[in-house]
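The lines below spell out each chain.
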Amino acid sequence: MTTTTEHPRDPYSPTADVPTAGARDPGVGGPLRQLMLRLHFYVGLLVGPFLLIAAVSGFFYALAPTIERAVYADQLTATSSAQNVPLADQITTARAFHPDLAVARIVAGSDGSTTRVLFSDDSLPSESHSRVVFVDPSDGAIRGDTVQYGSGQALPLRTWLSGLHRSLHLGEVGRLYSELAASWLAPLALAGLYLWWGRTRRAGTSPFRSAPGLEGRARLRSRHAVLGTWALVGMLVLSATGLTWSAYAGQRVADLRAALDWTTPTLSATSPESSSAGTPLAEPANGHHDHGSHAGSRGVGSEGAAAWTPDGAQVALAGARSAGLTDP
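Just so you know, these numbers come straight off a predicted model, no measurement behind them. For every chain, the first residue of its written sequence is number 1, and the numbers climb from 1 along that sequence. Residues qualify for local features only when their pLDDT is at least 70, as the model is predicted, and side-chain atom pairs are given and counted only at 80 or more; totals for whole chains, interfaces and linings, by contrast, use all residues. Side-chain numbers come from the whole structure's heavy atoms, not from hydrogens or water.

## What to know about the packing of aromatic side chains
Reasoning step 1: Only the six-membered ring of Trp is used, alongside the rings of Phe and Tyr, when aromatic pairs are assigned; centres must lie within 6.5 Å, and planes under 30 degrees apart are stacked while those over 60 apart are edge-to-face, with the rest tilted. Under the criterion given, the structure shown has 5 aromatic pairs.
Reasoning step 2: Ring geometry for F59 against F60: centres 5.4 Å apart, planes inclined by 75°, an arrangement best described as edge-to-face.
Reasoning step 3: Each residue is placed in one exposure class: buried if its accessible area under a 1.4 Å probe, protein chains only, is under 20% of its type's maximum, exposed if it is over 50%, and partly exposed if it falls in between. Here F60 falls in the partly exposed class, since its relative accessible area comes to 40%.
Reasoning step 4: Taking the centre distance of 5.9 Å and the plane angle of 90° together, the rings of W197 and F208 count as edge-to-face.

## Notes on the layout of surface pockets
Reasoning step 1: A pocket, in this scheme, is an open set of points on a 1 Å grid over the protein atoms alone with protein on both sides within 12 Å along at least 5 of 7 lines, while a cavity is a set where a 1.4 Å probe fits but cannot get out; residues line either one if an atom lies within 4 Å of a point. Grid points are joined across faces, edges and corners, and a volume is the space filled by probe spheres set on the points. Taken as a whole, the second largest pocket encloses approximately 1400 Å³ of empty space.
Reasoning step 2: Broken down by secondary-structure element, the contributors of at least two residues to the lining of the second largest pocket are α1 (31–71), α4 (156–167), α5 (171–203), α6 (216–230) and α7 (232–243).
Reasoning step 3: Helix and strand definitions follow DSSP, with helices as H or I runs of at least four residues and strands as E runs of at least two, each counted in order from the N terminus. At 12 residues, α5 tops the list of elements feeding residues into the lining of the second largest pocket.
Reasoning step 4: Partitioning the lining of the second largest pocket into residue classes produces 25 nonpolar, 11 polar and 5 charged. Residue type decides the class: Asp, Glu, Lys and Arg count as charged, Ala, Val, Leu, Ile, Met, Phe, Trp, Tyr, Cys and Pro as nonpolar, and the leftover types, Gly among them, as polar.

## Comments concerning a nonpolar patch on the surface
Reasoning step 1: Among the surface-exposed residues, L52, V56, F59, F60 and L63 lie close enough to one another that they form a single nonpolar patch of about 480 Å² accessible area.
Reasoning step 2: Tracing the chain through its elements places L52 in helix α1. Nonpolar side chains (Val, Leu, Ile, Met, Phe, Trp, Tyr) are joined into patches within 5 Å and like charges within 9 Å, using only residues with over 30% relative accessible area and no salt bridge. Using a 1.4 Å probe, the Shrake-Rupley method yields the accessible areas, and only the shown protein chains count as cover for residues. By definition, a salt bridge exists where a carboxyl oxygen of Asp or Glu is found within 4 Å of a side-chain nitrogen of Lys or Arg.

## Examining helix α8 (residues 248–259)
The α-helix advances 3.6 residues per turn, and as a result positions three or four apart in sequence lie on the same side.
Reasoning step 1: Expected helix span is given by 1.5 Å per residue-to-residue step, counting one fewer step than there are residues. With 12 residues, α8 should reach 16 Å at 1.5 Å per residue; the first-to-last C-alpha distance of 17 Å fits that figure.
Reasoning step 2: Directly beyond the C-terminal end of α8, a positive phi value near 60° is found at D261.

## Some thoughts on the pairing of strand β2 (residues 115–120)
Reasoning step 1: Here β2 lies mainly inside the structure; 6 of its 6 residues are buried.
Reasoning step 2: Going residue by residue along β2, you find T115, V117 and F119 tucked away on one face and R116, L118 and S120 tucked away on the opposite face as well.
Reasoning step 3: When DSSP finds at least two bridges between two strands, those strands are taken to pair. As paired elements, strand β1 (residues 102–107) and β2 share 5 bridges and run antiparallel to each other. Considered in β2, the bridge of I106 is made with V117.
Reasoning step 4: Inspection of the sheet shows β2 paired to strand β3 (residues 129–135) by 5 bridges, in the antiparallel sense. Across the sheet, the residue bridging to V117 is V133, located in β3.

## A word on the confidence of the model for the protein chain
Reasoning step 1: Model confidence for the protein chain is summarised by a mean pLDDT of 79, while 77% of its residues fall at 70 or above.
Reasoning step 2: A residue's pLDDT is the predictor's confidence in that residue, given on a scale from 0 to 100. Any two residues having at least one pair of non-hydrogen atoms within 4.5 Å are treated as being in contact. Low pLDDT (under 50) marks residues 11–28, which in the prediction has 25 contacts with non-local residues, meaning those over four places away or in another chain.
Reasoning step 3: This stretch, residues 273–306, has a pLDDT under 50; its non-local contacts, to residues over four places away or in other chains, come to 75 contacts.

Pasting the structure below:
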């Protein structure tokens, strides 16, 4: 007497696409499947290394704010949560540290954090970079001096990780890598879904779990496909958001935002009376104008806005606090 053992059908086997006698072709084979198969293979082979770099660098960039708070704890943390020194005196102390630079923005310290006094500095790479001095509100001492980037208040470590994720620190040429990775991630994922969905339909198995009993290469590919199916939505989101970091597609997104008026709103620091008379609210800091900033990140004193004095900043802070405004 002879016994036979049936094994689960491997949807990746060479005969997986061959219909059995009397079976109805689900309509996913033929030239389109061959195109998707080659697209998924060659795009994965060529773009895969760039996707790996983007994933690893993006992972560390996502953790950057937490890492930053540990690395720059001495600069970011005040010795006490008490606000013993008026904001105007803190600004004066910071200006004495950089007497040749113009104050561009102030982030008042609260709840045990230091005050950031930002300066425009033409020696920095771009207008999105600012020189920043950290002043302790509890005793008025300077806790550090470094460079800050953009409206996200990124310090050097996070700025470096951002550059690695965006362009591998290779300048405009390096930004092509992120364009390549983001542009092809969605086609790569959708082609894989097409192949896997068709195979599981023909095998009568679920696309959301790996078939039991597979071994070796078949099991590895099955797990690869199931993981890709579960992660599909996330990959499509990453592809769409990643394009905003790229050189060419990112510029198109910026143009679209500007056309639809989706840009960050800015406040005017000039009163109606002074605006009509062309007179600033206060004396210009250090006698010259500050630069504009990335994504409108500079506050009072930025290009086109009225200049101010330390005492004026103290009054503005008190008014904001009395109106119930808190830190961002």
